[in-house]
Amino acid sequence: MRKNRVAGNWKMNKSLQEGEELTKNIIALNDNSNDVELIIIPPFVQLSSLVKLTQNTDIKIGSQNNHEAKSGAYTGEISASMLSALGVSYGLVGHSERRTYFNETNEQLLAKTKALLSEGIIPIFCCGEHLNERNSNQHFVTVENQLNALKELTAEDFAKLIIAYEPVWAIGTGETASAEQAQEMHAFIRKYISSNFGKSIADNCSVLYGGSCKPSNAKELFAMPDVDGGLIGGASLVAEDFIGIKNSF
Ligand code: PEP
């Protein structure tokens, strides 16, 4: 059976000291009362410290980005092998902020995904439409085009992935997709996976929802049959809210 997960994307927030404090608070509040995996995705400079802080817990650490090359003259970049050497377990790929502000293309996202897989890091591949695409009924086409980036992966590799559906209009806006809108897209994503990689891989793939998810709406979203958890931005910066979302399962 697929796993339920709640991942917190801290984006470019928190100093090292603040991140350590927040992680300690999350560990203290996490009562392990349900079988939901928690993933913390801090800025790069906190990875090493947070891997150590969480090593005797069930909490896993993820990266927000990685370069596709193994090493070389790419000033300012971080490779997947550097991340795996630190003990990073998960890696975000294709967050809408990376697609928008850093012009990441399908080709690059496939290369980044492959780089993570080659280092044993599980990619959390993000997809989702802009508001104008939803309003013009193009949201399924957009998400399908984004997933097509992964089409050349082998089924064995695809089986390791987590998918995060994040409608761009719901990220950081306070606006959430309704549980029905989320379910409709998650079912579409699962069908896509089934058609391209097989039913059992689709059935076992965790598909997370992201976009202004908070303790007050998580329960309704997570009750949907194809919603296997959340990718949380703003609310993951407050330990009580992050754990509150986890406990919504
Ligand atoms: C995100 O950026 O992945 C996200 C879901 O942000 P927020 O929860 O703040 O909308």
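Residues numbered from 1 in each chain as written. Predicted model: local features only at pLDDT ≥ 70, side-chain atom pairs only at ≥ 80, totals over all residues. Heavy atoms only, no water.

A.B. asks: I would appreciate a short explanation of the site of the ligand in the present structure.
C.D. replies: Taken together, 14 residues are adjacent to the ligand, and K11, H95, E166, G172 and S212 come closest. Between the ligand and K11, the relevant distance is 2.5 Å, taken from an oxygen atom to a side-chain nitrogen or oxygen of the residue. Within the backbone of S212, a nitrogen or oxygen atom sits 2.7 Å from an oxygen atom of the ligand. Within the shell around the ligand, the residues separate by chemical class into 4 nonpolar, 8 polar and 2 charged. (Near = heavy atom within 4 Å. Polar contact = N/O pair within 3.5 Å; in protein donor to acceptor, adjacent residues only side chain to side chain. Nonpolar A, V, L, I, M, F, W, Y, C, P; charged D, E, K, R; others polar.)

A.B. asks: So what exactly am I meant to see when it comes to the sheet that holds strand 6 (residues 162–165) here?
C.D. replies: Backbone-to-backbone hydrogen bonds join strands into a sheet, with any given pair of strands oriented parallel or antiparallel. The 8 strands lie next to each other as 1-2-3-4-5-6-7-8, forming a closed barrel whose pairing is parallel. Taking each pair of neighbouring strands and ignoring which way they run, the sheet shows an average axis angle of 25°. Bridge analysis of strand 4 (residues 90–93) against strand 5 (residues 122–127) gives 4 bridges, and the strand direction is parallel. Bridged to G91 within strand 5 is P123. (Pairing = 2+ DSSP bridges. Helix = DSSP H or I, 4+ residues; strand = E, 2+ residues; numbered from the N terminus. Axes fitted to C-alpha atoms, helices over the stretch in contact; angles between N-to-C directions.)

A.B. asks: Whenever I open this one, the nonpolar core confuses me. Can you help?
C.D. replies: As a rule of thumb, nonpolar side chains are buried together in soluble globular proteins. Of all hydrophobic cores here, the largest spans 60 residues; its most connected members are I26, F158, I163, I189, I193 and Y209. When residues in this core are grouped by element, the largest group, 7 residues, is from helix 9 (residues 179–197). Each residue touching F158, except ones within four places of it in the same chain, is listed here: L150, L153, I163, I193, F197 and I201. (Core = buried A, V, L, I, M, F, W, Y, C linked by side-chain atoms within 4.5 Å. Buried < 20%, exposed > 50% of the residue type's maximum accessible area, 1.4 Å probe, protein only. Contact = heavy atoms within 4.5 Å.)

A.B. asks: Before we go on, may I ask you to explain the pattern of salt bridges in this structure?
C.D. replies: A pair can form between side chains of opposite charge whenever their charged atoms are brought close. Evaluated as defined, the whole model comprises 13 salt bridges. Note that R2 and D228 form a salt bridge whose closest N and O atoms lie 2.7 Å from each other. Of the two residues, R2 is situated in the segment before strand 1 (4–9) and D228 in the loop between helix 11 (215–222) and strand 8 (229–232); the sequence distance between them amounts to 226 residues. According to the relative accessible area criterion, D228 is buried, its value standing at 3%. For D226, the salt bridge is made with R190, and the minimal N-O distance between the two is 2.5 Å. (Salt bridge = Lys/Arg side-chain N within 4 Å of Asp/Glu carboxyl O.)

A.B. asks: What's the story with the side chain of S49 in this structure? I'm lost.
C.D. replies: Residue position: S49 is located in helix 2 (residues 47–53). Those residues in contact with S49, other than ones at most four positions away along the chain, are L16 and E20.

A.B. asks: Which parts of the structure should I look at to understand the environment of I78?
C.D. replies: Topologically, I78 is positioned in the loop between strand 3 (60–63) and helix 3 (80–86). Relative accessible area serves as the criterion here: at 24%, I78 is assigned to the partly exposed category. Taking C-alpha positions, I78 is 27 Å from Y209, a pair spaced 131 residues apart along the chain. Once residues within four sequence positions are removed from consideration, I78 is found in contact with F44, N66, H67 and L83.

A.B. asks: Looking at this structure, I do not really get the packing of helix 7 (residues 139–147) against helix 9. What am I missing?
C.D. replies: Helix packing for two helices is described by the angle between their axes and how far apart those axes are. Their axes nearest at 11 Å, the elements helix 7 and helix 9 cross at an angle of 40°. When the interaxial angle is binned, helix 7 and helix 9 end up oblique. Relative to helix 9, the crossing made by helix 7 is right-handed. Along its contact with helix 7, which presents H139, F140, V143, E144 and L147, the element helix 9 presents E184, M185, F188, I189 and Y192. (Parallel < 35°, antiparallel > 145°, perpendicular 65-115°, else oblique. Left-handed = near helix turned anticlockwise from the far one by under 90°.)

A.B. asks: Whenever I open this one, the pairing of strand 8 confuses me. Can you help?
C.D. replies: The side chains of a regular strand alternate between both faces of the sheet. Going residue by residue along strand 8, you find G229 and L231 tucked away on one face and G230 and I232 tucked away on the opposite face as well. By the bridge criterion, 4 bridges tie strand 1 to strand 8 in an arrangement that is parallel. Bridge pairing in strand 8 links R5 to G229. Pairing between strand 7 (residues 207–210) and strand 8: 2 bridges, direction parallel. Bridging across to strand 8, Y209 finds its partner in G230. Read as a crossover between parallel neighbours, the route from strand 7 over helix 11 to strand 8 is right-handed. (Right-handed = clockwise from strand over helix to strand, strands pointing away.)

A.B. asks: Honestly, the side chain of D228 in this entry has me stumped. Any pointers?
C.D. replies: Within the structure, D228 has its side chain in polar contact with the side chain of R190 (distance 2.8 Å). Among all residues touching D228, those that are not within four sequence positions of it are R2, K3, N4, R5, R190, C205, S206, V207, L208 and F249.

A.B. asks: I'm lost on the packing of aromatic side chains in this one. Help?
C.D. replies: Each pair of aromatic rings is reported with the distance of its centres and the angle of its planes. Counted by the stated rule, this structure contains 4 aromatic pairs. Look at F140 and F188: their rings are 4.9 Å apart centre to centre, the planes differ by 45°, and that puts the pair in the tilted class. Of the two residues, F140 is situated in helix 7 and F188 in helix 9; the sequence distance between them amounts to 48 residues. Overall, the relative accessible area of 23% leaves F140 in the partly exposed class. Residue classification places F188 among the partly exposed positions, given a relative accessible area of 23%. (Phe/Tyr/Trp six-rings, centres within 6.5 Å; stacked < 30°, edge-to-face > 60°.)

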